[in-house]
Amino acid sequence: MTATQTSAVDATVAASRVKDAVNLSHIATVARDVRETVGEVRVRTPRMRCTAVNVYYGDKQAIKNVSVDVGQNEVLAMIGPSGCGKTTFLRCLNRMNDTIAGCRVTGEIVMDGEDINARRIDVVPLRARVSMVFQKPNPFPKSIWENVAFGPRIHGLAQDKTELEEIVVNSLKRAGLWDEVKDRLGDPGTGLSGGQQQRLCIARSIAVQPEVILMDEPCSALDPISTARIEELIDELREHYSICIVTHSMQQAARVSQRTAYFHLGDLIEVGDTKQIFTRPRHQLTEDYITGRFG
Amino acid sequence: MSSVAPAAGGVGVLPRRKFELVLAGMPRRRAAEKRFRLYGQIAIGLGLAFLVILFASIILNGYTAFWQTHIRLDVTLDAARIDPQGNRDPEALRRADYNELIRDQLRAMFPDVSGRRDRLALYGLVSNGASFDLRDRVLANPELVGQKIALWVPADDDIDMLMKGNVDRSVPESDRRLKDNQLAWVDKLAAEGRLQQRFNADFFTRGDSRDAELAGIWGAAVGSLLTLMVTLALSFPLGVAAAVYLEEFAPRNRWTDLIEVNINNLAAVPSIVFGLLGLAVFINFFGLPRSAPLVGGLVLTLMTLPTIIIASRAALKSVPPSIREGALGIGASPMQVMIYHVVPLALPGMLTGTIIGMAQALGETAPLLMIGMVAFIADIPKGIFDPATALPVQIYLWADSPERAFVERTSAAIIVLLAFLAVMNAVAVVLRRRFERRW
Amino acid sequence: MQPSVLVLVLLLLSSAAYYAGRKRAFTVAQGRLRNLQSLPAYYGLYTAIWCGLPALLLLAAWVSLEHTIITNAVVAGLPEEIRQLGPDRLNLIVNDIKNIVQGNIVSRAPDAVMDAAAGRYRSLLAISHAAMFVVALALAIGAAAFTLTRIKPKQRARNAVETIILALLIACSTIAILTTVGIVLSVLFESIRFFQAVPVTDFLFGLDWSPQIALRADQAGSSGAFGAVPIFAGTFMITLIAMAVAVPIGLMSAIYLSEYATRQVRAVAKPLLEILAGIPTVVYGFFAALIVAPFLRDTGGMFGLGIASESALAAGLVMGIMIIPFVSSLSDDVMNAVPQAMRDGAYGMGATQSGNHPPGDLPGGTARHRRCDPARGVAGDRRDHDRRDGGRPRRQPHREPIRGGHHRDGADRHAADRRPGVRQSQDPRGVRAGVGAVRGDAGPERDRPLHRAQVPGAV
């Protein structure tokens, strides 16, 4: 560890890193092919702290010993070639992997002092706190209003009708969709354009008042203008939420994120400040990917 | 492929020869093709011809049953005989001998008929139900007592058949059901304009009867309706629940596999076996009443469940997983996803499957025979515990009756049954067209 | 009190419990929804389920057992000489008692003993119903009250309700298994009883079917015969006749509809044919008896054949008509199971000759059945193939030298072997024969190893 690196983190983080390093070395002796992550795994104010996360699909290991923090009010971008496990890892953060038969997650993902993988944790409130936006816009085939109101309703977030209305309107406003749909809240959500649909899905996630929003390639199915609109939105949302975004586009990662994590074949190769990753990557694999030698 | 052609041929020579050969074979190939095509057309033609023959023969045999020959009688409602007390007491009116009134009238119309045998033959012209018609009219309107009214009463089924041209007069008298004197009376009545084909309302409003002219399908229709209501009330929730569990919640294990194998097997079990099951379990074991629509409905539920489950699962499968993910991603529980999103989207498909299952149940005879719904039941059932029969069973019963008039009624009942089936299937098709969603 | 009234009362109580539970949840949460672990409705449902479900289950058990228990009690109270009667006679008496109770028609004049028994039955039934009413209501109210006192903000009401719903769903799905078990058991027990009276070998190999059992020893025709061979033979014969009707018609119409027919013809003919499957069996039976059997009898009479009205011919013919749509859709499925790549391959090979394919037809077209012998094999019918070859026996293309007439077969069978490149010919007709010929020179033999590697890529 170089001096410049240590200076970047404060004492507490360093301490935790030491602890992790012990953990990691222990695991490394078990699985030799595990690569150690370079860069700042830990941050000063973590919202979620993942330690030694492994994911298996049946016998196949999809994520190998990944440890990383999701910071408060930051956008963490996850990049890497296809099939490297970005999405799998993202889906660990709100236990969406539970829905996949044969998927097994080990390791610790701590949020507010509790391991979210613990048996006694109910995934339903967890997903209300860590909500998710998917690659393909998937509004419910119901009205725009119903799309946004569904979450608050099932979670009992609104005391009465006016409060629910307030939540819906605020969510649509925050998602930058209000002006476009305010006159047709009763229209089906599936009738909107692709970009609008995706913003509706973001509004739907915001409506459950989450603390972390996970986005799985939210712009991959959208045109450049809609993409730009959503990127702006992500930047605005950072003020209130922690955001994890998986993206195929390095430019997008560079534009919207504060920190970037580079995944390679299930390993977290490097994580750090976005600017540093894109200008001075420390790991050879990161550099190869950034410079477009594969992808 | 690097090696090009067989060494003997050489490039270019063999292909050309082959091409010529292919061309030479073309006429034969085209002829074979044409023949094949013709076979196909014949097959389709035969299939459609069978369909047409089936429908045509049923309709041609049956449509006449919607009309019934009636005889006009001018009955004098003699107050002294109907209502000796003169207080129009409904009970007294009910008990009066209307049959005698009608017979008197018949004797008055044919005064020269004498002898017990001939008189009975004369009375036989009019249906046994005529006196009940007369009674009902008087009860409905006691003012009629003392008046002389013109009454159209149903003729006996033999007369009806004669008027519809189904009786051959050239047959020797001893082989005919209608004797010569009866024919003469009928001709006289016809000449006086006292015979008329009128709409056969009895057919739609009465229960079964031994007399063809009084037999109706209403009892069987109500029985079918009650049975189907039981079936629907049970099979739809059960089928949907089973489908939802298997499709949305069931883990892949031996138990689920066992259930699936069972469902698929049940779909192929002959329907009469369900009747055996119903007899053994519902009637003999649980002691439910025989011949009741309740038991019929239970049996048909078991029979239609596989259909509904399979259709509902297909409908659930067609709901894209992205909807489920979207809802799960904002913290809906799997049960909430199911109730709020998946089931509403799959509902049209489920309903379509259910209607098709109901149509299947409506046309089913065999299992109902096993549980005693084949009894002769003249009363209209009032509830699911009353003895009843069902439309297809009624058809089965009538088809066995020797009277010529029942052939017509059987066909007519089939027309009604087919009409119901057509409506149900049309609803299913419309539902599918209307709500089918392409993702 | 009738059980149905009790069910109604319980349902009303449950809905009351729902509102009570919801209200209680609001109260414990001090009016703030956020304090609750689940939505208030779930607390309501939780209370309602605990109020209704145990009581209803109890009710169901009670009703299904009550009659057996009461009947046993009444029988035990009957005079000794009646109880000494055989089980069949006793059963009749019990039935009569029940009929008296229900006010139905009784098979014989009721005597004092039976009236007394009926009275006993009635009073026992009344006691049973009253007890059931009290117990069920007490259970419902008690359970609801207990649940209400237990409602707390941190209680996972939603999870509890969902677990119960899931249990209900599982119960519904096991009905299929119960039905199968019921069928097997009911058939099994009756068969065992039957085979106790009639030896299995008599049934399976006996040639005489006259099912009757003598009521008295001196009855005429008292010896029943239970040889099922005539029935098996009849079933088999009818099946054969039905197949002979349905297989050619169904198969050919399926092929015609999917390969040749224009879209309009298909749109009309297919649903029309499917109507045949939707017609109730009883209608077919009537049709057979009314139209087909007399027709066959008269036709047979014209040729001097005595065809009985109840002949298997009529039954088989009508059953054959009935299953045409099944055969047809089955063959359709089998043909559709052939992958598109194979279909395109055969098409590219010039397997199609029919010059008048509609423009909107499947690209597979005639190609499909030209080389769908493997699929045809599944359907178990080879006649078409022979017909297509002009009645000649099938050839073994792999072993034949490559020549025109034979090559056709080779093209058919190796449709799948062709490269995707062949498909690039967009002309639907002329070019294909040529392309096929040019490519054909390589011969099937050498295409073989190739296609294994290429077919996945070709799709």
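Residues numbered from 1 in each chain as written. Chains lettered and ligands numbered in written order. Predicted model: local features only at pLDDT ≥ 70, side-chain atom pairs only at ≥ 80, totals over all residues. Heavy atoms only, no water.

Asks: Account for the overall build of chain B, with residues named and values stated.
Replies: A tally of helices and strands in chain B yields 18 helices and 3 strands. A compact globule built from 439 residues would reach a C-alpha radius of gyration of about 22 Å, whereas chain B, at 33 Å, exceeds it by more than 25%. Each principal axis of the C-alpha distribution contributes one length, and for chain B these read about 115 × 70 × 40 Å. Counting only residues that meet the buried cut, chain B has 50% of its 439 residues in that class. Within chain B, contacts between residues at least 6 apart in sequence are counted, and of these 76% link residues at least 24 apart. Working note: accessible area of chain B is about 20400 Å², and carbon and sulfur atoms make up 59% of it. The average position of the 46 basic charges and that of the 41 acidic charges among the side chains of chain B differ by 12 Å. (Helix = DSSP H or I, 4+ residues; strand = E, 2+ residues; numbered from the N terminus. Rg over C-alpha atoms; globule rule 2.2 N^0.38 Å. Buried < 20%, exposed > 50% of the residue type's maximum accessible area, 1.4 Å probe, protein only. Contact = heavy atoms within 4.5 Å. Areas by Shrake-Rupley, 256 points an atom, 1.4 Å probe, with all protein chains shown as cover. Lys, Arg positive; Asp, Glu negative; His and termini not counted. Charge placed at Lys NZ, Arg CZ, Asp CG, Glu CD.)

Asks: Requested: an account of the packing of aromatic side chains, with residues and values cited.
Replies: If you walk through the whole model with that rule in mind, you get 20 aromatic pairs over all chains. Ring geometry for F66(B) and F204(B): centres 5.6 Å apart, planes at 10°, overall stacked. Taken together, the residues span a long stretch of sequence, with F66(B) in the loop between α1 (13–62) and β1 (67–76) and F204(B) in helix α9 (residues 201–205) at a distance of 138 residues. With relative accessibility at 29%, the residue F204(B) sits in the partly exposed group. Arranged with centres 5.5 Å apart and planes meeting at 80°, the rings of F194(C) and F203(C) form a pair that is edge-to-face. One Lys or Arg, R104(A), reaches over the ring of Y56(A) and ends 4.4 Å from the middle of that ring. When the ring centre of F140(A) is taken as reference, the NZ or CZ atom of R204(A) above it lies at 4.3 Å. (Phe/Tyr/Trp six-rings, centres within 6.5 Å; stacked < 30°, edge-to-face > 60°. Lys NZ or Arg CZ within 6 Å of the ring centre and 35° of its normal.)

Asks: Before we move on, could you go through the confidence of the model for chain A and cite the residues and values that matter?
Replies: Overall, the prediction assigns chain A a mean pLDDT of 84, with 87% of residues at 70 or greater. Long-range and interchain partners of residues 1–32 of chain A, a stretch whose pLDDT sits below 50, account for 23 contacts in this model, where long-range means more than four residues apart. (pLDDT = per-residue confidence, 0-100.)

Asks: Which residues make up the pairing of strand β10 (residues 259–264) of chain A, and what values go with them?
Replies: All names here are of chain A. Counted residue by residue, β10 has 6 buried out of 6 residues, so it is predominantly covered. Alignment of strand β4 (residues 75–79) against β10, held across 4 bridges, turns out to be parallel. Paired with L76 across the bridge in β10 is R259. Bridge count between β10 and strand β11 (residues 267–273): 6 bridges; the pairing is antiparallel. Looking at the pairing, H264 lines up with D267 of β11. (Pairing = 2+ DSSP bridges.)

Asks: Requested: an account of the interface of chain B and chain A, with residues and values cited.
Replies: Contacts between the two partners involve 17 residues from chain B, matched on the other side by 23 residues from chain A. When the two sides are added together, the surface that chain B and chain A hide from each other amounts to roughly 1600 Å², 65% of it contributed by carbon and sulfur. Ranking the residues of chain B by area buried against chain A places E325(B), I330(B) and H341(B) at the top, with a combined share of 36%. Counting across the chain B and chain A interface gives 1 salt bridge. Notably, a salt bridge pairs R91(A) with E325(B), separated by 2.8 Å at the nearest N-O pair. Our count for the contact surface shared by chain B and chain A stands at 6 residue pairs in polar contact (both at pLDDT 80 or more). Element by element, the count of residues in the side of chain B that touches chain A is highest for helix α14 (residues 321–329) of chain B, at 7 residues. Class assignment for the residues of the side of chain B that touches chain A results in 8 nonpolar, 7 polar and 2 charged. (Buried area = accessible area lost by both parts, 1.4 Å probe. Salt bridge = Lys/Arg side-chain N within 4 Å of Asp/Glu carboxyl O. Polar contact = N/O pair within 3.5 Å; in protein donor to acceptor, adjacent residues only side chain to side chain. Nonpolar A, V, L, I, M, F, W, Y, C, P; charged D, E, K, R; others polar.)

Asks: Before we move on, can you summarise the packing of α14(B) against helix α15 (residues 334–362) of chain B with the specific residues and values?
Replies: All names here are of chain B. α15 packs onto α14 with a crossing angle of 145° between their chain directions and a minimal axis gap of 10 Å. Remark: the crossing between α14 and α15 carries right-handed chirality. On α15, the residues touching I323, R324, A327 and L328 of α14 are P334, V337, H341, V342 and L345. Here the residues of the contact of α14 with α15 are counted per class, giving 7 nonpolar, 1 polar and 1 charged. (Axes fitted to C-alpha atoms, helices over the stretch in contact; angles between N-to-C directions. Left-handed = near helix turned anticlockwise from the far one by under 90°.)

Asks: Mind laying out helix α5 (residues 144–155) of chain A, listing which residues take part and the relevant values?
Replies: All names here are of chain A. Among the 12 residues in α5, 10 count as buried, and that is most of the element. All buried positions along α5 are accounted for by I144, W145, N147, V148, A149, F150, G151, P152, I154 and H155. A positive backbone phi angle near 65° is found at G156, which sits one or two residues after α5.

Asks: Report on the side chain of T247(A), specifying residues and quantitative values.
Replies: Residues and elements named next belong to chain A. Topologically, T247 is positioned in the loop between β9 (242–246) and α10 (250–256). For T247, a relative accessible area of 2% gives the class buried. Within the local environment of T247, its side chain forms a polar contact with the backbone nitrogen of S249, the two atoms lying 2.9 Å apart. Within the structure, T247 has its side chain in polar contact with the side chain of Q252 (distance 2.7 Å).

Asks: So, the side chain of R259(A): which residues are in play, and what are the values?
Replies: All names here are of chain A. Here R259 is to be found in strand β10. Classification of R259 as buried rests on a relative accessible area of 7%. Engagement of the side chain of R259 in a polar contact is seen with the backbone oxygen of D69, the distance being 2.4 Å.

Asks: Go over the pattern of salt bridges, please, and point to the residues and values.
Replies: If you walk through the whole model with that rule in mind, you get 43 salt bridges over all chains. Note that D122(A) and R158(C) form a salt bridge whose closest N and O atoms lie 2.8 Å from each other. Remark: R158(C) occurs in helix α6 (residues 157–173) and D122(A) occurs in the loop between β6 (114–115) and α4 (123–129); the pair is interchain, linking two chains. On the basis of relative accessible area, D122(A) is assigned to the buried category, the value being 13%. Owing to a relative accessible area of 7%, R158(C) belongs among the buried residues under this scheme. Among the salt bridges present, the one from R135(B) reaches D136(B), with a minimum N-O distance of 3.6 Å. Exposure remark for R135(B): the relative accessible area of 23% places this residue in the partly exposed category. Each of R72(B), D74(B), K188(B), E192(B) and R194(B) takes part in salt bridges that share partners, so that together they form one network.

Asks: Could you give an account of the domain arrangement of chain B, with specific residues and numbers?
Replies: The assigned domain composition of chain B is domain 1 (4–63), domain 2 (66–209) and domain 3 (218–435). For domain 1 of chain B and domain 2 of chain B, the distance between their C-alpha centroids amounts to 65 Å. (Domains from an automatic or database assignment.)

Asks: Which residues make up the packing of helix α10 (residues 218–249) of chain B against helix α17 (residues 391–399) of chain B, and what are the values?
Replies: It is at 8 Å that the axes of α10(B) and α17(B) come closest, and there the two elements cross at 145°. Touching A220(B), A221(B) and S224(B) of α10(B) are L391(B), P392(B) and Q394(B), all from α17(B).

Asks: Which residues make up the sheet that holds strand β2 (residues 46–57) of chain A, and what are the values?
Replies: All names here are of chain A. One open sheet holds the 4 strands; their spatial order is β3-β2-β5-β6, and the pairing between them is antiparallel. Looking along the sheet, the strands with just one partner apiece sit at the ends: β3 (60–71) and β6. Note: strand β5 (residues 103–111) against β6, 2 bridges, orientation antiparallel. Considered in β6, the bridge of V110 is made with D115.

Asks: Give a detailed account of unusual backbone geometry, specifying residues and quantitative values.
Replies: Residues and elements named next belong to chain A. In this model, N65 sits at a positive phi of 50°, which is unusual for a non-glycine residue. Checked against the element boundaries, N65 lands in strand β3. Of the residues examined, N65 reaches a relative accessible area of 5% and is grouped as buried. With a phi angle near 50°, Q209 is a residue other than glycine that sits in the positive phi range. Within the element layout of this structure, Q209 appears in the loop between α8 (194–207) and β8 (212–216).

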